[in-house]
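Fold and contact review
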Amino acid sequence: MHRALLVNDIVHTILKNDTLSATDMINFASTCSALSSPALDILWYKQRTLGPLIMCLPEDTWEIGDDGFIHLCREPLPMEWERVRLNASRIHKITEGAHYKDPPQPHSRVLHKLFTLFPPTSLFPNLYKLDFDIVSNRPEFSPDFALLRQFLSPGLEALAFSLPSGIPVQAVKQLVDTLAAQASGVRRMVISADYDGPPWQIDLPLNKMQKLNTLAVLRNTCLTRRSFAEIGCLRSLHVLGLTLDEGFDILEDSRLGDMQLELSALKNLSLVAYRLQRCTSFLLRVITPQLSNIDITYCEYATPAEVGDFVLSLHTSYLEDISVYRDSGLLQHPHSPLPSALFRPLLKFRRLTDVNFIATGQYCLDDAFMNDAAIAWPDIQELRFASDEPHTSTVTFTAVLSLASRCRYLRVLNLTFDCTQKPILPYRKEGGDAPNRTRELWPKQTALQRLEFGHSKLSEAARAPLVLAAVFPNLVDITWNEIPGVSDATPWLQEKAVFEDMLSLRERTLPDMPDFMPSYALSVLDGFSESYEVSV
């Protein structure tokens, strides 16, 4: 073996190569003692279940039952637990991750046996990130929530847990009371609860948890008045997610007066509420000079005035990403039109890269707004005004082509527009006086990959597949909203088939003739019309 492999830093650099699979790592660990320890450290660093840990026991001590869980079929000897203890010390994170198939999980009785022999803080001395649901929250048995307190240690930096249904209020209070003292190093915390019960009110002692940089109190949980008022104590808070519960009116609490919370370091904000107005009220109560990303989810229909008030409540010059989603579910309500004027205040945010308004109403935008958006948001990458119900639009195909051509980084566009007329192609200005055959489009400056037509009206006269192939050489997918029994998908299916034929032709010619498709599409278009006007 080369002497370089005796240097731990070199070995770790090799083993951290992203191309190595778990099988490769196991092979390294089996090679020699010099490679075994660092390879095992990497293999065990992150686990998404404790099943592999129990499977370190001799094979005659455990089995996978008919319920899919790992059970002990005999009592392991004390020395047989040593391998489990050694590998547990290598685990730094117990959390969800990208995977195709979960390994078997140990039954609760096996976990209770394990933690009786080895308390969690001694079994996992290097653990700093814990998703407690992976350890305990399973439908097959009642989770032992009190076990969570045994995992708390000063070395724990990230903690996520869900409050199971039926848990005593006192058990939650005991946990909350010990968090600040026993897990003093926690910087990231995510709390949620099962939906089959009233919302939980969590009284976190945030004034004693000032190391937090991420706090999410979501899914059927909310903060008490005291905790809400103490959010301002978190001077390092970068990420905040809150459920604004209807039954607990913090935002209108007279005892808080006109107090505003200053969250000077906050960059990412996620709010979930039944009504959009509650999100607006929260935004008017906080000062967030560094806020760059905001994500809003609500349920009840919002009037145009309420949507306008929300847009006006945004007051940070660093805003880059805004997402507003109405999760209507079974709540159906006829929407009122949302004119361009309601969204024009967004044009002052010149750093925007992602703008997504999903199912918030009937967007009645116009060409003037599209033109101004292309100027205001030169770095836009995703733009969606996606409605969940059919409606007409005055935005023209020409305006869409112009917007997507001028915004050089735009990859995804979802918009309902009028695609029934021949568009004006977006030629470069300097080519305006040149003959058609020498005019230069904007293809090399366009990044558009996905175009979602929404509820757009379509006509063959627009020659959409040919136009898109000529203007957007990176476009690979077009979609539309189909409502069974209401909309006719036949025209879209025909145009999609033509577009896919164009894609196949582009793929065959791309290696040798990268400019073939725009030129070919233009030549075909010229067969339908002798001239196209120049877009300014």
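As the structure is a computational prediction, the values presented were derived from the model and not from experiment.

Definitions and cut-offs
- Residues numbered from 1 in each chain as written.
- Predicted model: local features only at pLDDT ≥ 70, side-chain atom pairs only at ≥ 80, totals over all residues.
- Heavy atoms only, no water.
- Buried < 20%, exposed > 50% of the residue type's maximum accessible area, 1.4 Å probe, protein only.
- Helix = DSSP H or I, 4+ residues; strand = E, 2+ residues; numbered from the N terminus.
- Pairing = 2+ DSSP bridges.
- Axes fitted to C-alpha atoms, helices over the stretch in contact; angles between N-to-C directions.
- Parallel < 35°, antiparallel > 145°, perpendicular 65-115°, else oblique.
- Contact = heavy atoms within 4.5 Å.
- Nonpolar A, V, L, I, M, F, W, Y, C, P; charged D, E, K, R; others polar.
- Disulfide = S-S within 2.5 Å.

Some points on the pairing of strand β14 (residues 268–273)
Burial along β14 is one-sided: Leu 269, Leu 271 and Ala 273 are buried, while Asn 268, Ser 270 and Val 272, pointing the other way, are not. Two strands pair when backbone bridges link them, and strand β12 (residues 239–244) and β14 are joined in this way by six bridges, in the parallel orientation. The residue of β14 that forms the bridge with Gly 241 is Ser 270. As paired elements, β14 and strand β16 (residues 293–298) share five bridges and run parallel to each other. For Leu 269, the partnering residue across the bridge sits in β16 and is Ile 294.

Examining the sheet that holds strand β3 (residues 69–72)
Pairing in this open sheet of three strands is mixed, and the strands run β2-β3-β5 from one edge to the other. Each edge of the open sheet carries a strand with a single partner, namely β2 (62–64) and β5 (105–106). Here β2 runs beside β3; their pairing, made up of three bridges, is antiparallel. What sits directly across from Trp 62, in β3, is Leu 72.

Quick notes on the packing of helix α15 (residues 367–376) against helix α16 (residues 397–406)
Viewed as axis vectors pointing N to C, α15 and α16 meet at an angle of 5°, and their least axial separation amounts to 9 Å. It follows from the interaxial angle that α15 and α16 lie roughly parallel. Contacts between α15 and α16 involve Asp 367, Met 370, Asn 371, Ala 373, Ala 374 and Ile 375 on the former and, on the latter, Ala 399, Leu 403 and Arg 406. The class makeup of the residues in the contact of α15 with α16 is six nonpolar, one polar and two charged.

Brief notes about the state of the cysteines
For the structure shown, the criterion picks out zero disulfides. Unpaired in terms of disulfides, Cys 299 finds its nearest cysteine sulfur in Cys 279, a separation of 10.0 Å. The exposure class assigned to Cys 299 is partly exposed, which follows from its relative accessible area of 21%.

Function-wise, these values are silent; they only describe arrangement.
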